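Structure assessment
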Amino acid sequence: MNRSSRRLGVVLLYVRALALVFCLIGTPSLGQSNLPSQVLHYADMILYNGKVLAADDKFSVAQAVAVRDGKILALGDTALIQRMAGPNTVRIDLQGGTVTPGFVDSHAGGSQGGHGPSGPTYMKNYTSTRCDALDDCLRKIKEHADKIPAGEWVFTNLFRTAAAYQVNIQMLDQISGDHPLLVNLDNTTGFVNSHAFATLKDYMSDEVIQSGIFRDKDGKPTGRIAGGAYGVMTYEIIPWPEGQHLEDMIQKEIKRRKFINRMGITSLGARQSGLAIHILREIQRRGQMPMRVRVSTEFMRLNPRTEAYMKRLGNFMDVGDEWFKFGGATVSSIDGAGGAAAYLSRKPMRQTESWYAFGAYGQNKWREMVQEGKDWKKYSDYDNALMAGKYGWNVSDFHIQGDGGLELALEVFDKINQTTPVKGKRYGMVHGLMRPPDLAKRLADYDAVLSMSPEYLFRGKRAVEMLERQYGADAVAGMSPIRDLIDAGLKPVMEVTNTGVWRSGKADLEDKYLDDQNLFLESMELFTTRKNNETGKVWGPNEKATRQEVLKMATAWAARFYGDEKILGTLEPGKLADLVVLGGDYMTVPEEKISDLPILKVIVGGKVTYDKDRDEAGFQEQLKKDAGSRNPASMY
């Protein structure tokens, strides 16, 4: 018998043995114990004497689970699974605790080097501040620039106040010396001085670039750049970090990923710049990535040459493996974030703040990308989103908060769908504050995947108080409408972002970040109770989801966001063995105590990546070292 025949014989024997095991085990919830005394292969790991929540369609519950070769081998009662253990099997006595599938976060910002326009966050010579008066803005920019050696790039992020939008190129030239200076207002708009503006000289023939260069009545640049001009500046012109600076960024991200994995997160998805992808791939290459990575690539985002890129790159949506995969592409945000109440809404707000920078209907970032008088749909990422459909991509990360922004995205869907089916492409929308029932039905028709955040209503009081002033309590109670979305046939998923500033109930960018190991569990709790964790007020009790549904939002349904539902998200034989071990019963603990469940172990691909007894002392020591600083290790 030749080598190939022998190998085939072994494979067939293994398959027949597994088939026999699965036939004898039956359905996960059955308490069978008639496993043969000998099987071809023992389990690598068994977890027993607890409650194993498969999170499958039937929400099956077992007492134990067996893992082999990084995948789920079987679920069943304790006696059955224990008989699958051999002399080298790792045995974990759950002592009545719970095993769930690994948590999947569909949208997590803040990774080192991404998003591109916010990339300066982790770049050399960066600072972030807020100013409510123009003089204060200029003073803070100058104080930072004065500390930087001449000739080096300087980056300052200003909160989106009305005062920040009054900055111009002449003012920046007076305070910035010999530095190329970029003042970032959000991820589509910034202001530059003359040194920085000069770096665009080789791009001036491009009409998309020109549309994003704002000019005064005499045709002179004001220093404000947006859209394609801002994209070229922040993705292509800003220096790429090198040497020790790049290594420092890698090390910070390694540390950050460990803290994230400690939350129970075994798969993490986000939109990422080229620099962020480089850093994440390097961490994976070194064997130090404790979770699966899913990427919405930013190559289309604020890109004035998207069609040329499409023709060069081709379509690599879903290219990758179980550890690292491209889930699709992303374009720039349609509207703004919660801190500035910049949601693009269909109805006008009742009241605006004195520092508020936008109109009564909120912020349309796509419109703001293009100077007055230009066709904003032609020159903004509205056109890039249409281009994605033309070349077979999805947009897996539409940043949309308001219902007006959602209508704009649906307008894009309708246009794409005239020539290319949208349904089945997993177009994704993140943050999910305003998703009214009339639009939910249209989203369901397109089988859109919706990522929902508990940040804006349920974590801290500042954001929700602002929403209540602007839209009224009745309207706010209907926001983040999980029940309506599920009833419309959608399967919303969960995201966790902005931990420190929201958990503390503040929006000061200089706040210290907190140790948030149970943040993901708390998010599950908040969607179950809809109770604000600071005020105790319940918002929209009729929109509550059950704890079973919330677990699926964090696992089974979340796997769909990046097309992983066939390989992870539920505990079923043959799926990847990503698990979370909780020190308590998720199904019976009071709803308001879900976040108190201790995370004892996190398992990715059958390997223990976090063990409370083994690892927690080291994490606590790191937190002590990081105390008093804005440290990305505990930021998520």
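Up top is the structure these notes are about.
Throughout this description, residue numbers start from 1 for each chain and increase along the sequence as written. Reporting of local features is limited, given that this is a predicted model, to residues whose pLDDT is at least 70; pairs of side-chain atoms are given and counted only at 80 or more, and all residues count toward the totals for whole chains, interfaces and linings. The side-chain values count all of the structure's non-hydrogen atoms but skip hydrogen atoms and water molecules.

A word on the overall build of the protein. We count a stretch as a helix when DSSP gives it H or I for four or more residues in a row; a strand needs E for two or more, and each element gets its number in order from the N terminus. Within the protein, the secondary structure is distributed over 24 helices and 24 strands. Within the protein, counting contacts between residues at least 6 apart in sequence, those at least 24 apart form 74% of the total. Approximately 24500 Å² of the protein is accessible, and the part contributed by carbon and sulfur atoms is 50%. The criterion used for residue contact is that any of the two residues' heavy atoms lie within 4.5 Å. Each accessible area is a Shrake-Rupley result for a 1.4 Å probe, and residues are judged covered by the shown protein chains and nothing else.

For Lys-377, the position within the fold is in helix H12 (residues 376-379). Sequence separation between Lys-377 and Arg-367 is 10 residues, and the spatial gap between their C-alpha atoms is 7.4 Å. Discounting residues that sit within four places of it in the chain, Lys-377 has contacts with Tyr-382, Asp-383 and Glu-411.

Sheet strands pair via backbone hydrogen bonds, and the direction of the pair is either parallel or antiparallel. Spatial strand order, S5-S4-S1-S6: 4 strands in an open sheet with mixed pairing. Whereas interior strands pair on both sides, the edge strands pair on one side only; in this sheet they are strand S5 (71-76) and strand S6 (85-93). Pairwise comparison of adjacent strand axes, ignoring direction, gives a mean angle of 25 degrees for this sheet. One requirement defines pairing of two strands: DSSP has to find at least two bridges between them. Strand direction decides the pairing type here: strand S4 (residues 64-68) and S5, joined by 5 bridges, are antiparallel. The partner of Val-67 across the bridge, within S5, is Ile-72. All axes here are fitted lines through C-alpha atoms, helices being fitted over the stretch that makes contact, and every angle between N-to-C directions spans 0 to 180 degrees.

Our focus in this paragraph is the sheet that holds strand S19 (residues 428-431). Ordered by their spatial adjacency, 4 strands build an open sheet running S18-S19-S20-S21, and the pairing between neighbours is parallel. Strand pairing shows two members of the sheet lacking a second neighbour, strand S18 (398-400) and strand S21 (493-494), which therefore form its edges. Pairing of S19 with strand S20 (residues 449-452), which is carried by 2 bridges, proceeds in the parallel orientation. Paired with Gly-428 across the strands is Val-449, a residue of S20. In the packing of helix H14 (residues 403-417) onto the sheet, contacts are made with S18 and S19, and the angle to S18 comes to roughly 150 degrees.

What follows concerns the side chain of Thr-529. Looking at the element boundaries, Thr-529 is found in helix H21 (residues 519-529). Exposure remark for Thr-529: the relative accessible area of 7% places this residue in the buried category. Once residues lying within four places of it in the same chain are set aside, the contact partners of Thr-529 are Val-538, Lys-544, Glu-591 and Glu-592. Think of it in three bands: with a 1.4 Å probe and only protein chains considered, a residue is buried below 20% of the maximum accessible area for its type, exposed above 50%, and partly exposed in between.

Another aspect to go through is the packing of helix H3 (residues 134-145) against helix H4 (residues 169-176). At a closest axis distance of 9 Å, the pairing of H3 and H4 adopts a crossing angle of 40 degrees. By the angle class used here, H3 and H4 are oblique. Crossing of H3 over H4 shows right-handed handedness. Residues Leu-134, Leu-138, Ile-141, Lys-142 and Ala-145 of H3 form the contact with H4, whose own contacting residues are Met-171, Leu-172 and Ile-175. In terms of residue class, the contact of H3 with H4 is built from 7 nonpolar, no polar and 1 charged. Orientation labels follow simple angle bins: below 35 degrees gives roughly parallel, above 145 gives roughly antiparallel, 65 to 115 gives roughly perpendicular, and whatever is left gives oblique. In this scheme the handedness of a crossing depends on how the near helix is turned from the far one: anticlockwise by less than a right angle means left-handed, clockwise means right-handed. Residue polarity is assigned by list, with Asp, Glu, Lys and Arg as charged and Ala, Val, Leu, Ile, Met, Phe, Trp, Tyr, Cys and Pro as nonpolar; anything else, Gly included, falls into the polar class.

Let's shift gears to H14. Between its first and last C-alpha atoms H14 spans 20 Å; for 15 residues at 1.5 Å apiece the expected length is 21 Å, and the two agree. Looking only at H14, the buried set comprises Asp-403, Gly-404, Gly-405, Leu-406, Leu-408, Ala-409, Leu-410, Val-412, Phe-413 and Ile-416. As for H14, its buried residues are in contact with helix H11 (365-368), H12, helix H13 (381-390), S18, S19 and helix H15 (437-445). A helix's residues, less one, multiplied by 1.5 Å, set its expected span.

The term salt bridge refers to a pairing of a side-chain nitrogen on Lys or Arg with a carboxyl oxygen on Asp or Glu at a separation within 4 Å. Taken as a whole and assessed by the stated rule, the structure comprises 41 salt bridges. Residue Glu-152 is joined to Lys-124 by a salt bridge in which the shortest nitrogen-to-oxygen separation is 3.6 Å. Pair noted here: Glu-152 is in the loop between H3 and strand S10 (154-158) and Lys-124 is in the loop between strand S8 (103-105) and strand S9 (126-129), with a separation of 28 residues, a long-range link. Residue class for Glu-152 comes out partly exposed when judged on its relative accessible area of 25%. The exposure class of Lys-124 is partly exposed, given its relative accessible area of 47%. Residues Glu-282 and Arg-286 are paired through a salt bridge, measuring 2.7 Å at the closest nitrogen-oxygen approach.

Here the focus is the packing of aromatic side chains. In summary, the pairing rule links any two rings of Phe, Tyr or Trp, Trp by its six-membered ring, whose centres are within 6.5 Å, and it sorts them by plane angle into stacked for under 30 degrees, edge-to-face for over 60 and tilted for everything else. As enumerated under the stated definition, the model contains 19 aromatic pairs in all. Aromatic side chains Tyr-165 and Phe-358 sit 6.0 Å apart centroid to centroid with 80 degrees between the ring planes, which places their arrangement in the edge-to-face category. Remark: Phe-358 occurs in the loop between strand S17 (324-329) and H11 and Tyr-165 occurs in the loop between S10 and H4; sequence separation between them is 193 residues. The pair formed by Tyr-165 and Phe-358 is uniform in burial state, with each residue classed as buried. In this structure an aromatic cluster arises from ring pairing among Trp-366, Trp-376, Tyr-382, Phe-398, Phe-413, Tyr-427 and Tyr-446. Charge-over-ring placement is defined geometrically: NZ (Lys) or CZ (Arg) within 6 Å of the ring centre, and within 35 degrees of the ring normal. Its end group placed over the ring of Phe-619, Arg-262 keeps NZ or CZ at 5.0 Å from the ring centre. A cation sits over an aromatic face here: Lys-537 above Trp-539, 4.0 Å from the ring centre.

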